[in-house]
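The chain contents come next:
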Amino acid sequence: MHNPSELDPHNIPGHVAIIMDGNGRWATSRKLPRIVGHKVGAESVKKVVAAARQAGIKVLTLYAFSTENWKRPELEVRALMALLKNYLKSEESEMLANGIRLRTIGRTDKLPAEVRSQLRVTMENTGRAAEGREDAFTLNLALNYGGRDELLRACRQLARGCADGALQADDLSEKDLANCLDTAGLADPDLLIRTGGERRLSNFLLWQASYAELYFTDAMWPDFREAHLFEALQSFQQRQRRFGRTGEQVESRGPRSR
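As a starting point, this report considers the structure included with it.

The rules behind the values
- Residues numbered from 1 in each chain as written.
- Predicted model: local features only at pLDDT ≥ 70, side-chain atom pairs only at ≥ 80, totals over all residues.
- Heavy atoms only, no water.
- Core = buried A, V, L, I, M, F, W, Y, C linked by side-chain atoms within 4.5 Å.
- Buried < 20%, exposed > 50% of the residue type's maximum accessible area, 1.4 Å probe, protein only.
- Contact = heavy atoms within 4.5 Å.
- Salt bridge = Lys/Arg side-chain N within 4 Å of Asp/Glu carboxyl O.
- Helix = DSSP H or I, 4+ residues; strand = E, 2+ residues; numbered from the N terminus.
- Expected span 1.5 Å × (residues − 1).
- Axes fitted to C-alpha atoms, helices over the stretch in contact; angles between N-to-C directions.
- Parallel < 35°, antiparallel > 145°, perpendicular 65-115°, else oblique.
- Left-handed = near helix turned anticlockwise from the far one by under 90°.
- Nonpolar A, V, L, I, M, F, W, Y, C, P; charged D, E, K, R; others polar.
- Pairing = 2+ DSSP bridges.
- Phe/Tyr/Trp six-rings, centres within 6.5 Å; stacked < 30°, edge-to-face > 60°.

**Quick notes on the nonpolar core**
(1) Moving on: Counting 41 residues, the largest nonpolar core has I18, L60, L139, I193 and L233 as the members making the most contacts within it.
(2) Moving on: If sequence neighbours within four positions are ignored, L139 has contacts with V49, L60, L62, Y87, M95, I100, R101, L102 and R103.
(3) Moving on: Listed in part, the eleven residues of the second largest apolar core include I19, A142, F204 and L205.

**So, the pattern of salt bridges**
(1) Moving on: Considering all chains together, one arrives at 14 salt bridges under this definition.
(2) Moving on: The shortest N-O distance in the salt bridge between R200 and E198 comes to 3.2 Å.
(3) Moving on: Judged by relative accessible area, which is 45%, R200 ranks as partly exposed.
(4) Moving on: Owing to a relative accessible area of 25%, E198 belongs among the partly exposed residues under this scheme.
(5) Moving on: Through salt bridges with shared partners, a single network forms among R107, D149, R153 and D182.

**Comments concerning helix α5 (residues 147-164)**
Because each turn of an α-helix spans 3.6 residues, side chains separated by three or four positions end up pointing in the same direction.
(1) Moving on: In this model α5 runs 26 Å from its N-terminal to its C-terminal C-alpha over 18 residues, within 8% of the 26 Å that 1.5 Å per residue would give.
(2) Moving on: The complete set of buried residues in α5 reads G147, D149, E150, A154, L158 and G161.
(3) Moving on: In this structure, the buried residues of α5 make contact with β4 (137-145) and α6 (174-178).
(4) Moving on: In the stretch just after α5, G165 is the one whose phi turns positive, near 90°.

**Re the packing of helix α2 (residues 34-55) against helix α7 (residues 226-237)**
A packed helix pair is summarised by two numbers, namely the angle formed by the two axes and the spacing between the axes.
(1) Moving on: Where α2 meets α7, the axes come as close as 9 Å, and the angle between the chain directions of the two elements is 45°. By the criterion of interaxial angle, the relationship of α2 to α7 is oblique. Crossing of α2 against α7: the hand is right-handed. In this structure, α2 contributes K47, V48, A51, A52, Q54 and A55 to the contact, and α7 contributes E226, L229, F230 and L233.
(2) Moving on: Of the residues that constitute the contact of α2 with α7, the class distribution is seven nonpolar, one polar and two charged.

**Observations regarding the side chain of D21**
(1) Moving on: With respect to the helices and strands, the residue D21 is situated in the loop between β1 (15-19) and α1 (23-29).
(2) Moving on: Take D21: its relative accessible area is 17%, and that puts it in the buried class.
(3) Moving on: Apart from residues no more than four positions distant in its own chain, D21 is found in contact with R194, T195, G196, E198, M220 and W221.

**Considerations on unusual backbone geometry**
Glycine aside, residues mostly have negative phi angles, and peptide bonds mostly take the trans form.
(1) Moving on: Even without glycine at this site, K31 takes up a positive phi of about 60°.
(2) Moving on: Look at K31 and you get exposed, because its relative accessible area is 80%.
(3) Moving on: Here N203, not a glycine, exhibits a phi torsion of approximately 65°, which is positive.
(4) Moving on: The residue N203 is located in the loop between β5 (191-194) and β6 (213-216) in this model.
(5) Moving on: On the basis of relative accessibility, which here comes to 16%, the residue N203 falls in the buried class.

**Quick look at the pairing of β6**
(1) Moving on: Burial along β6 is one-sided: the face carrying E213 and Y215 is buried and the face carrying L214 and F216 is not.
(2) Moving on: Two strands pair when backbone bridges link them, and β5 and β6 are joined in this way by four bridges, in the parallel orientation. Among the inter-strand pairings, I193 is bridged to a residue of β6, identified as Y215.

**Here we look at the packing of aromatic side chains**
(1) Moving on: For the structure shown, the criterion picks out five aromatic pairs.
(2) Moving on: Consider the rings of Y145 and F204, whose centres lie 6.1 Å apart with planes at 85°: the pair is edge-to-face. Remark: F204 occurs in the loop between β5 and β6 and Y145 occurs in strand β4; sequence separation between them is 59 residues.
(3) Moving on: On the basis of relative accessible area, Y145 is assigned to the buried category, the value being 0%.
(4) Moving on: Residue classification places F204 among the buried positions, given a relative accessible area of 0%.
(5) Moving on: When the ring of W221 is compared with that of F224, the centres are 5.2 Å apart and the planes differ by 20°; the resulting orientation is stacked.
(6) Moving on: Given the relative accessible area of 0%, F224 is considered buried.
(7) Moving on: Aromatic rings pair up to connect Y63, Y145 and F204 into one cluster.

Laid out in structure tokens, this is it:
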């Protein structure tokens, strides 16, 4: 599927999350340095962001660097940080022109200083440019992100509130915890895509993806382009989202939030 016009415009997921997997294996299979795979993967990011906007998606969350990725060879980590900084600088004008608001989740305070500085500038500039635009689109980068780490930080925040007397433990709700997550203010993902042939979440959006539709593809991230995204959206549109109800209830009442 190559044409977004073939999709049902009334059934587009508002929030799509992607585990961008396979850069290193893509390069290794071609006897190329792993960083080449990451560079080609950056081109996939540009293409998929444009395709997501075209399809009518409002939020795209990309798993760019996990808390576990620090275990990779130091040279590769440094190259990834440089690639991230260059991407932010080179794509800022495109984001400004198209109302793309950049935000992040994860412990970005642990990133190199020059990356943090560029992130701050790009987020501030794109946030101002997207403000008030009806066609605003949010690109949400997961950087030094881990779902377990996020949940632990949220629990600590709630625990401090209880200790201070501002919160009562017995009164805490799911909404209270969600408001302490890095994704506070964003709707949960409707569709979660993983490239590269693996079939696991890898510590990504563990709370938020509870009701997400999962889509796995063997395509490596450097090969993932507009057609692959539209195929995932088409698969999403063929599913019935029940949120605990029966199929008959969904058909009689229409889709509801969980």
